[in-house]
Amino acid sequence: MEVCTTKARIRACVASWRGDGRTVMLVPTMGYLHAGHMALVARARVKGARVVASIFVNPTQFGEGEDLATYPRDPQRDLAMLRDAGVDAVFLPEVSEVYDRAAQTIVEPTALARILIGRLRPGHFRGVATIVTKLFNIVQPDGACFGEKDYQQLVVIRTIVRDLDIPVRIIGVPTEREPDGLAMSSRNVRLGAADRAAAPVLNTALTEAEALARRGATASRLRAHVRARLAVEPRADVQSVDIRDAETLAPVSGPLARAAVLLLAVRFGSVLLIDNRVVHPATKEPT
Ligand code: AMP
């Protein structure tokens, strides 16, 4: 496994594989890897592709007062995990290698970046859009894997690629969970014991709503159920509960006509957890 700290080095690696006619897949991460990241790597490795993972805690997607300084990091452990998983190259740059101090250009998604998480974290998706576009240009992969865990991020990235004609195939990968249902996240290590014990309520609320949707519950009923379920847990400081069209993130109301996604953002102490579930309308009984 090649560990590349410069753009020139990772480009040279990828260019040599291309010369051999290999497909190249990219898995962007911020490190402190867990089984969720490894599911992306496993998905990327299919059909003999060469796999590049990037590890970069991107400062431009963190707002004032957010957890950039305390974001968990362990690059040596990450590299060992990626090596074991058969990754071919890792791009592990310093901030100064990625961002020129004189840079003038950003990638700014519009309406989609201002709703949901974009409202809680203004500027977050501008940072995500800019770094992902840069990584696509640096690595020039054929495809890239992103987790459904960060559902809005996945929709934003699909939209950027479409809007800017970026020739990278985007693959969404289902969320990996702990045995008690908590969605895996690098931030979970920062939960205190009592918060960690309470946090699976997100998955419980979503799973119950999923069953209600199958029985024909309306959008507002599903949202109300999730809110009520979370309210039972005093440690859960609910930031937002939304139900949106699963493809466009447009608001939905009334009976579900097509797939919708329930999106949660809940604080436990200083840690903001997000989770989501795609829910489907009731299937009609065959006549
Ligand atoms: P991060 O390192 O948190 O920026 O995440 C890097 C990539 O891993 C993103 O595409 C995330 O959506 C994805 N990811 C994070 N957690 C999970 C999870 N529990 N299951 C699947 N993918 C995940």
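Our subject is the structure listed above.
The structure presented is a predicted model; accordingly, all values stated were derived computationally and were not measured.

J.: Before we move on, can you summarise the site of the ligand with the specific residues and values?
T.: Around the ligand sit 17 residues in total, of which His-37, Gly-147, Asp-150, Glu-176 and Met-184 are the nearest. Between Gly-147 and the ligand, the recorded distance is 2.9 Å, taken from a backbone N or O atom to an oxygen atom. Measuring from an oxygen atom of the ligand, one finds a side-chain N or O atom of Asp-150 at 2.6 Å. Starting from 480 Å² of accessible surface for the ligand in isolation, the protein chains cover 92%. For the shell around the ligand, the leading source of residues is helix H2 (residues 35-44), giving three residues. Split by residue class, the shell around the ligand holds seven nonpolar, seven polar and three charged.

J.: Give a detailed account of the packing of aromatic side chains, specifying residues and quantitative values.
T.: Within the structure shown, the criterion is met by three aromatic pairs. Their ring planes at 40 degrees and their centres at 6.2 Å tell us that Phe-56 and Tyr-99 sit as a pair that is tilted. Of this pair, Phe-56 sits in the loop between strand S3 (50-55) and helix H3 (75-84) while Tyr-99 sits in the loop between helix H4 (95-98) and helix H5 (117-120), and the two are 43 residues apart along the sequence. As far as burial versus exposure is concerned, Phe-56 and Tyr-99 are alike and both buried. Ring centres of Phe-62 and Tyr-71 lie 5.8 Å apart, and the angle between their planes is 80 degrees; this geometry places the pair in the edge-to-face category. Residue Phe-62 shares its accessibility class with Tyr-71, and that shared class is buried.

Definitions and cut-offs
- Here, residues in each chain are numbered from 1, in the same order as that chain's written sequence.
- Local features in this predicted model are restricted to residues of pLDDT 70 or higher, and side-chain atom pairs are both shown and tallied only at a pLDDT of 80 or more, whereas totals for entire chains, interfaces and linings draw on every residue.
- To get the side-chain values, take all heavy atoms of the structure and skip hydrogens and water.
- Neighbouring residues are identified by heavy atoms, a residue being near a molecule or strand if any of them is within 4 Å of it.
- Counted as a polar contact is a pair of N or O atoms within 3.5 Å, where, for protein atoms, one must be capable of donating a hydrogen and the other of accepting one, and residues adjacent in sequence contribute only when both atoms are in side chains.
- Calculation of accessible area relied on Shrake-Rupley with a 1.4 Å probe; when residues are assessed, cover is drawn exclusively from the protein chains displayed.
- Strands here are runs of E lasting at least two residues and helices are runs of H or I lasting at least four, both read from the DSSP assignment and numbered beginning at the N terminus.
- Amino acid classes used here: Ala, Val, Leu, Ile, Met, Phe, Trp, Tyr, Cys and Pro are nonpolar; Asp, Glu, Lys and Arg are charged; the rest, including Gly, are polar.
- Two aromatic rings from Phe, Tyr or Trp, using only the six-membered ring of Trp, form a pair when their centres are within 6.5 Å; if the ring planes differ by under 30 degrees the pair is stacked, by over 60 it is edge-to-face, and anything between is tilted.
- Exposure classes here rest on a 1.4 Å probe applied to the protein chains alone. A residue is buried below 20% of its type maximum, exposed above 50%, and partly exposed in between.

The quantities given are spatial measurements derived from coordinates; they are silent on function.
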